Amino acid sequence: MNHEISTGNAALDAWVNETSALCEPETIVICDGSEGERSRLIDLALASGTLIALNPEKRPNSYLCRSDVRDVARVESRTFICAESESAAGPTNNWQDPTLTKAALTRLFRGSMRGRTLYVVPFSMGPVGSPLSRIGVELTDSPYVVLSMRIMTRMGAPVLAALGDRGDFVRCLHSVGAPLSAGQADVPWPCNPDRTIIAHFPDERSVWSFGSGYGGNALLGKKCFALRLASVMAREEGWLAEHMALLGVESPTGERSYVGAAFPSACGKTNFAMLVVPDALSGWKVTTLGDDIAWLRPGADGRLHAINPENGMFGVAPGTSERSNPNAMRAIAADSIFTNVALTDDGDVWWEGMTEEPPAHLIDWRGRDWTPSSGTPAAHPNARFTTPLERCPSLDPAWNDPSGVPVDAFVFGGRMSHDMPLVFQTRNWEHGVYAAATMGSEATAAAESNLPAIRRDPMAMLPFCGYHMADYFAHWVEIGQALREPPAVFRVNWFRRDDDGKFLWPGYGENARVLAWIVERARGRARATETPYGFMPRYRDLNLRGLELSEGDFEHLMRIEVARALIELDSHDTLFEPLMSRLPRELLHQRYLLRERLHRAAEASSGPVHEAPLLIESTAA
Ligand code: GTP
Ligand code: SPV
Ligand code: MN
């Protein structure tokens, strides 16, 4: 079949023609991002059953989507980095030979779009035309993907205009992998779970994704481009592509700081980025720039400048409520797509944790009748909302600024039930890189896996770094050396539990108390005590007014037990060992220094080892 393609970019026209010859779609649509296009796509998705319209009085302009039950999360076991050599991808990535993989993919994609439309989706990661932004084009046969990309990226005609006739772009090819024969009726969520594969070709800046329609597997601007491919581009070009929320903090004196927060998937980035400051911190304000990804570049002023390359949020629904995240609840009040949540009898959405009392009857995420006695969750634990950033009530005024914002602090934190204190500040950039690199976290629902309970997740990037993790650490060390004012680096843990399994820290909005201390520390102000881990606030150093948190609870929350910390330190070797041949010596040095500090603390303490921390008081970093 011959299609007249004219995007205004010759390389793009050629690629679309080549893809069309391979995948044999029935038609090709070049997406312009217009309202008319959106309503045509929605009508199509309603007709095929992919989308269900929600009650416009309850949830205007919003839709529910139920995925195939086998296609509900990222699939790390089928995600590959096809770098030239296995060593370039490194031991933490699944590597496959690029030539062999391309040949296998070509067989898979042959005829894969039969009976479907091929959509050409030009998108910009970052404000259109910003020097920090990059352009990609996704070719997909999924209207759900197009509708989601419309929210998650800047998409359509302005991007083609910015691309121009010669501009370069990242090639993102996607098919649900379920061709339709003539007369065959479509299913609401076509996919091909047995053949799902997400293959990245960092050397040619392309990604081929087959068989899944879900989130990070299919919205290729997100994890595939903005993290896996961008991390490779960033290393070559001297910047960082990170799995980080980006937020602004305004102090009572009107001073503005910006913070990048890297927590693994489903560990609190969206909640942190949108937090509402408790009354006790009057005068403090937190604003949102991004909830998942940050691109950061050293500026002429010797500081790191960040943009959020995304345009929307693909957030975890379960647990989101008026109490935990009122800003998110307002953002998703309209203009949103909900995937794998439950449907109420009056045509609205519900998920676990949204209200204290579940409704008496629901249709669950699989489309079955549900009552509170059903014994299964009504929403899938990885159910998501897709909503435009512009709907976020706490949006930072600089969210769309093409020059980005200067970053004052980095915050790294996993989900650790034991041992890891609520917060500490690292001693300097290299110690910060060490603390970020050795971050651990307990398993969550954001990815399908049978991994052990705690996994090391360096910088929350383990599933998203497109090259050798040791080279990535070295790149981090180098970036800091190139900065006159590198961000101060902190570790946090909102998830420590008491002996009954209850969270010791209230979390959510109350995290603002820790955040206020963090930005004050970054400016060399708030008080702290020095411990083997770094600088830590004492009970009196944090604003805990109005919280029911006794000094004893606080001590439990902050306690470092030296004997256990030494075991934790030893376990860093499981991360480092396979990386050893390329590990920057700065990290080995930091490991040695931490061990020395822990030994000294153990010796200095005559009482129980966990009373060791209070060594020196300090106000400076
Ligand atoms: P991804 O979108 O997968 O990258 O996740 P995320 O890092 O944005 O996580 P999100 O903010 O969506 O939170 C995931 C889960 O953690 C939800 O169930 C939240 O309710 C829970 N959570 C978030 N912040 C806190 C907190 O401060 N304390 C506790 N206990 N739970 C939290
Ligand atoms: C994550 O898993 O970190 C997400 C969701 O943000 S996904 O888009 O599926 O990657
Ligand atoms: Mn994420």
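Quick caveat, the model's predicted, so the values are computed rather than measured.

1. Points about the site of ligand 2
- Ligand 2 sits among 12 residues. The nearest are R74, G216, K222, K223 and S265.
- Contacts to ligand 2 include R74, whose side-chain N or O atom sits 3.0 Å from an oxygen atom.
- In isolation ligand 2 offers 290 Å² of accessible surface; the protein chains occlude 98% of this area.
- Mapped by element, the contributors of at least two residues to the shell around ligand 2 are α7 (215-218) and α8 (221-237).

2. Some points on the sheet that holds strand β16 (residues 294-298)
- Read from one edge of the open sheet, four strands run β12-β16-β17-β25, paired in antiparallel fashion. Of all the strands in the sheet, the pair left with one neighbour each is β12 (240-242) and β25 (405-406).
- Examined bridge by bridge, strand β17 (residues 304-307) and β25 share two bridges and lie antiparallel to one another. The partner of H305 across the bridge, within β25, is P406.
- The strands touched by helix α12 (residues 469-481) within the sheet are β12, β16 and β17, with β12 carrying the most contacts at an inclination of about 120 degrees.

3. Description of the pattern of salt bridges
- Taken as a whole and assessed by the stated rule, the structure comprises 36 salt bridges.
- Between R150 and E35 there is a salt bridge, and its shortest N-O distance comes to 3.4 Å. You can see R150 sitting in helix α5 (residues 143-152) and its partner E35 sitting in helix α2 (residues 35-48), a full 115 residues away along the chain.
- Residue classification places E35 among the exposed residues on the basis of a relative accessible area of 54%.
- Residue R134 is joined to E237 by a salt bridge in which the shortest nitrogen-to-oxygen separation is 2.7 Å. With R134 in strand β7 (residues 134-140) and E237 in helix α8, this pair connects stretches of sequence that are 103 residues apart.
- When its relative accessible area of 36% is taken as the criterion, E237 is described as partly exposed.

4. Here's the deal with the site of ligand 1
- Near ligand 1 you find 22 residues, and of these A266, K269, N271, R384 and Y508 are the closest.
- With respect to ligand 1, the backbone of P318 contributes an N or O atom lying 3.5 Å from an oxygen atom.
- Burial of ligand 1 by the protein chains amounts to 92% of its free accessible area of 660 Å².
- Of all elements in the fold, only α9 (269-273) and β18 (312-316) reach the threshold of two or more residues within the shell around ligand 1.
- A per-element tally of the shell around ligand 1 places α9 first, with three residues.
- Here the shell around ligand 1 is built from residues that sort into 11 nonpolar, seven polar and four charged.
- No fewer than three residues from each of domain 2 (242-308 + 401-618) and domain 3 (312-391) sit in the shell around ligand 1.

5. Remarks on the coordination of the manganese ion (ligand 3)
- K223 (NZ), H243 (NE2) and D292 (OD) make up the full set of protein donors to the manganese ion (ligand 3), lying at 2.1 to 2.6 Å.
- Taken together, the six donor atoms surrounding the manganese ion (ligand 3) define angles of 64 to 173 degrees at the centre, an arrangement classified as irregular.
- Each donor residue of the manganese ion (ligand 3) lies on one chain, and together they are spaced K-x19-H-x48-D. Remark: D292 occurs in the loop between β15 (285-290) and β16 and K223 occurs in helix α8; sequence separation between them is 69 residues. D292 matches K223 in its accessibility class, with the two residues each being buried.

6. Digging into the domain arrangement of the protein
- Looking at the protein, the domain boundaries give domain 1 (10-50 + 75-237), domain 2 (242-308 + 401-618) and domain 3 (312-391).
- Centre-to-centre separation of domain 1 and domain 3, based on C-alpha positions: 27 Å.
- Counting residues at the interface gives eight residues for domain 1, matched by 12 residues for domain 3.
- The three residues of domain 1 that bury the most area against domain 3 are I151, M152 and Y214, which together make up 61% of that side's buried surface.
- One can count zero salt bridges joining domain 1 with domain 3.

Thresholds, definitions, all that
Residue numbers restart at each chain and count upward from 1, following the sequence in its written direction. Lettering of chains starts at A and numbering of ligands starts at 1, both following the order in which they are written. With pLDDT at 70 or above as the cut-off, local features in this predicted model cover only qualifying residues; side-chain atom pairs require 80 or more to be listed or tallied, and sums for whole chains, interfaces and linings still use all residues. Side-chain descriptors were evaluated using all non-hydrogen atoms of the structure, hydrogens and water having been removed beforehand. A cutoff of 4 Å decides nearness: a residue is near a molecule or strand if any of its heavy atoms lies inside that distance of it. Polar contacts here mean pairs of N or O atoms no more than 3.5 Å apart (in protein, one a potential hydrogen donor and the other a potential acceptor; neighbouring residues in sequence count only if both atoms are side-chain atoms). Throughout, the Shrake-Rupley method with a 1.4 Å probe supplies accessible areas, and for residues the shown protein chains are the sole cover considered. Secondary structure elements are defined from DSSP: runs of H or I of at least 4 residues count as helices, runs of E of at least 2 residues count as strands, and each element is numbered from the N terminus. Two strands pair if DSSP finds at least two bridges between them. The contact rule is simple, with two residues in contact once any of their heavy atoms fall within 4.5 Å. Inter-axis angles, ranging from 0 to 180 degrees, are taken between N-to-C directions of lines fitted to C-alpha atoms, where helices are fitted over the stretch in contact. We count a salt bridge whenever a side-chain nitrogen from Lys or Arg sits within 4 Å of a carboxyl oxygen from Asp or Glu. Exposure is judged per residue with a 1.4 Å probe applied to protein chains only, and the accessible area is read against the type maximum: over 50% gives exposed, under 20% gives buried, and values in between give partly exposed. Throughout, the ten residues Ala, Val, Leu, Ile, Met, Phe, Trp, Tyr, Cys and Pro are labelled nonpolar, Asp, Glu, Lys and Arg are labelled charged, and all others, Gly among them, are labelled polar. The split into domains, and so the bounds of each, comes from an automatic or database assignment of domains. Note that water is not among the atoms considered, so a metal site may appear incomplete; the donors listed are N, O and S atoms within 2.8 Å of the metal, with 3.2 Å applied to Na, K and Ca. Key to geometry: four donors with every angle between 85 and 135 degrees are tetrahedral; four donors are square planar and six octahedral where opposite donors lie over 155 degrees apart and all remaining angles lie between 65 and 115; all other sites are irregular. Throughout, the accessible surface (probe 1.4 Å) given up by two parts as they are put together, summed over both, is called the buried area.

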